[in-house]
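# Structural overview for review
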Amino acid sequence: MLRLVSKKVLGLASQEGLVSRPVQVLPRMYHERVIDHYDKPRNVGSLDKNDPTVGTGLVGAPACGDVMKLQIKVDEVTGKIVDARFKTFGCGSAIASSSVASEWVKGKQLEEVVTIKNTEIAKYLSLPPVKLHCSMLAEDAIKAAVKDYEAKRAKSNGSATAAPAAKAAEA
Amino acid sequence: MASKLLASTLRQTLLSKFTTTHHVRPLSTAAAVAADYHEDTDGITMKGVKISGRPLYLDVQATSPVDPRVLDAMLPFYLSRYGNPHSRTHLFGWESENAVEAARSQVASLIGASPKEVIFTSGATESNNISIKGVLHFYKDKKRHVITTQTEHKCVLDSCRHLQQEGFEVTYLPVKSDGIIDLDQLRSAIRPDTGLVSVMAVNNEIGVIQPMEEIGQICKEFNVPFHTDAAQALGKIPVDVEKWNVSLMSLSGHKIYGPKGVGALYLRRRPRIRVEPQMNGGGQERGLRSGTVPTPLVVGMGAACELAKMEMQYDEKRIKSLQERLLNGVREKLDGVVVNGSEERRYAGNLNLSFAYVEGESLLMGLKEVAVSSGSACTSASLEPSYVLRALGVDEDMAHTSIRFGIGRFTTEAEIDRAVELTVHQVEKLREMSPLYEMVKEGINIKDIQWSQH
């Protein structure tokens, strides 16, 4: 008798369990866009760092667990960024941040890209607070690349007031 | 007020009616598990990660599955023999008490102790707390100093920190680059008021085995009680309380294919070591750990110990060959793979590897189909590199790149091969993306670069 009842209940229960799955309430670790950029990173690679039209930004440190290298190729006449490449050592969010940064700078003017804020990247990727430094690093990488390009151009123009290039990028 | 009450009762009755007629709550957890398995065919999405099936499990240092033979031993004590082992007035209590005592003997037999020296706790964390705080609190008038190591488990370090706040002194012994402590340093650290030396047998993160017999000898010489956290050692390497000369030892059930939520503490009787209980209550377990002993869990732990005793040699041989298969497989395809911790003095089931120029967290993110961790489960949520690896003196950039592969009784060769394949693929992909790897290929020494610190 008891067995019969319990079997009935179990049978019902298992059917019920199949139909009404509990709604997923677990917090998401990564936003879809982070996963997407991590799985299919855009613009991975390197440009010739000795090319005068290429600016290289290298930021972060291995000891901190994040290093980003962002390179931009600039059209000298229009001042437009025609190509961008990145390489990143770091967590998934760092890779996604630099991938996004490389996409965003493409086809933009130099003055325009330095206004890209880390908060915009963080918002786009829904980065949690512990990962905000990844977006800051991406912003720094953009600025360092632009700075490097401008320093290179100043040097080739023979200007006496050449800004010192980013040390890390030169090495 | 009255209307509010009425409304709420009405709502409750309506709701309960609704639930009883339209929604039958699953009574059996077995049914819920079965439902889970039905979903496997079209993939699992959890925490934003979509995978095609359950990942293969290589994280047995975090926890191990319950051996089906253990579960078989446990089930009767849930369903029919559910008495409280402390009930003295009826058969339910008596049979439960017998089962608990049998389990106590099984645990004792695996560690070469007398059953009277084993008390059951909720796990190794509790055993460590009783050992460290309990001993020092009991002997606090004469003993004010504890010696431990920098690579201990968090619960030992945290208990020591707690003692420090109470005014005790703690020496954290450094380890050599292979993860083993220096015995001379231990010897010179012992003082007349040293109340306890606590050194873990097998490290949970890097799997190195400390020279237990030698440490025990030194403690005997100075007449200092010796405590060891043997949660990762039990059932994996031969454990003998006489050979090691330990006074206290912490054991865990769920690391040896037993149930979670149960552990044991070995307490030496001759010479007798005494502790102050951390929990007050009905005086169970000789007054050292009050609270009803959970019969099914304890029976499970006993069964797991008995199985471990029978299968230790076989498991060891198998796990060793799987470890070699994994390490050789990875090294065949990849350069810059470093084993963290001593390669000779280590438990084969724990392989902690650093992949140079690849960040550990991104590697873990890519290894969705392999359940591994970057260190201990307790700290894998933080961004800090593992404190164990830092204690070893591993470079900070290498400490960021570590992954722990845990191999256990139920790991198969096919799983190892798949793990190697996925790891190699992912590391190659990430190295392709790594500016550091590119620099090294160009012949630039990364250590020479002036990095901007963040």
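The structure this text deals with has already been given above.
Presented here is an overview of the structure given in this document. Keep in mind that what you see is a predicted model, and the values were worked out from it rather than measured.

Secondary structure summary: chain A contains seven helices and three strands in total. In chain A, the succession of helices and strands from N to C terminus is α-α-β-β-β-α-α-α-α-α. When burial is assessed residue by residue, chain A has 46% of its 171 residues classed as buried. Considering only contacts in chain A between residues 6 or more positions apart, those separated by 24 or more positions represent 61%. Accessible surface for chain A amounts to roughly 8,700 Å². Of this, 59% is attributable to carbon and sulfur atoms.

Below, the discussion takes up the sheet that holds strand β2 (residues 66–74) of chain A. All names here are of chain A. Spatial strand order, β1-β2-β3: three strands in an open sheet with antiparallel pairing. On the outer flanks of this sheet lie β1 (54–61) and β3 (81–89), each paired with one strand and no other. Across this sheet, the average inter-strand angle for adjacent strands is 10°, counted without regard to direction. Both β1 and β2 contribute to a ladder of eight bridges, which runs antiparallel. The residue of β2 that forms the bridge with L58 is K69. Sheet contacts for helix α3 (residues 92–105): β2 and β3; angle to β3, the most-contacted strand, approximately 175°. The sheet contacts of helix α6 (residues 132–156) involve β1 and β2, and relative to β1 the element is tilted by about 145°.

Residues and elements named next belong to chain B. The contact between helix α4 (residues 91–111) and helix α10 (residues 295–333) brings their axes to 8 Å, and the two run at 30°. The handedness of the crossing between α4 and α10 comes out as left-handed. On the side of α4, the interface is formed by S96, A99, V100, A103, Q106, V107, S109 and L110, while α10 contributes T295, V298, V299, M301, G302, A303, C305, E306, A308, K309 and M312. Of the residues that constitute the contact of α4 with α10, the class distribution is twelve nonpolar, five polar and two charged.

Calculation criteria
Once a new chain begins, its residue numbering starts again from 1 and follows that chain's sequence as written. For this description, chains carry letters from A and ligands carry numbers from 1, given in the order in which they are written. Totals for whole chains, interfaces and linings use every residue, but because this is a predicted model, local features are given only for residues with pLDDT of at least 70 and side-chain atom pairs only at 80 or more, for both listing and counting. Side-chain descriptors were evaluated using all non-hydrogen atoms of the structure, hydrogens and water having been removed beforehand. The way it works is that DSSP assigns letters per residue, a run of H or I at least four long becomes a helix, a run of E at least two long becomes a strand, and they are numbered from the N terminus. The rule is simple: take the accessible area with a 1.4 Å probe, protein chains only, and divide by the maximum for that residue type; under 20% is buried, over 50% is exposed, in between is partly exposed. Here a residue-residue contact requires only that any non-hydrogen atoms of the pair lie within 4.5 Å. Throughout, the Shrake-Rupley method with a 1.4 Å probe supplies accessible areas, and for residues the shown protein chains are the sole cover considered. Two strands qualify as a pair provided that DSSP identifies no fewer than 2 bridges between them. Angles shown run from 0 to 180 degrees and are taken between the N-to-C directions of axes, each axis being a line fitted to C-alpha atoms and, for helices, limited to the stretch in contact. Left-handed describes a crossing whose near helix is turned anticlockwise from the far helix by less than a right angle; the clockwise case is right-handed. Polar here means any residue outside two lists: the nonpolar Ala, Val, Leu, Ile, Met, Phe, Trp, Tyr, Cys and Pro, and the charged Asp, Glu, Lys and Arg; Gly therefore counts as polar.

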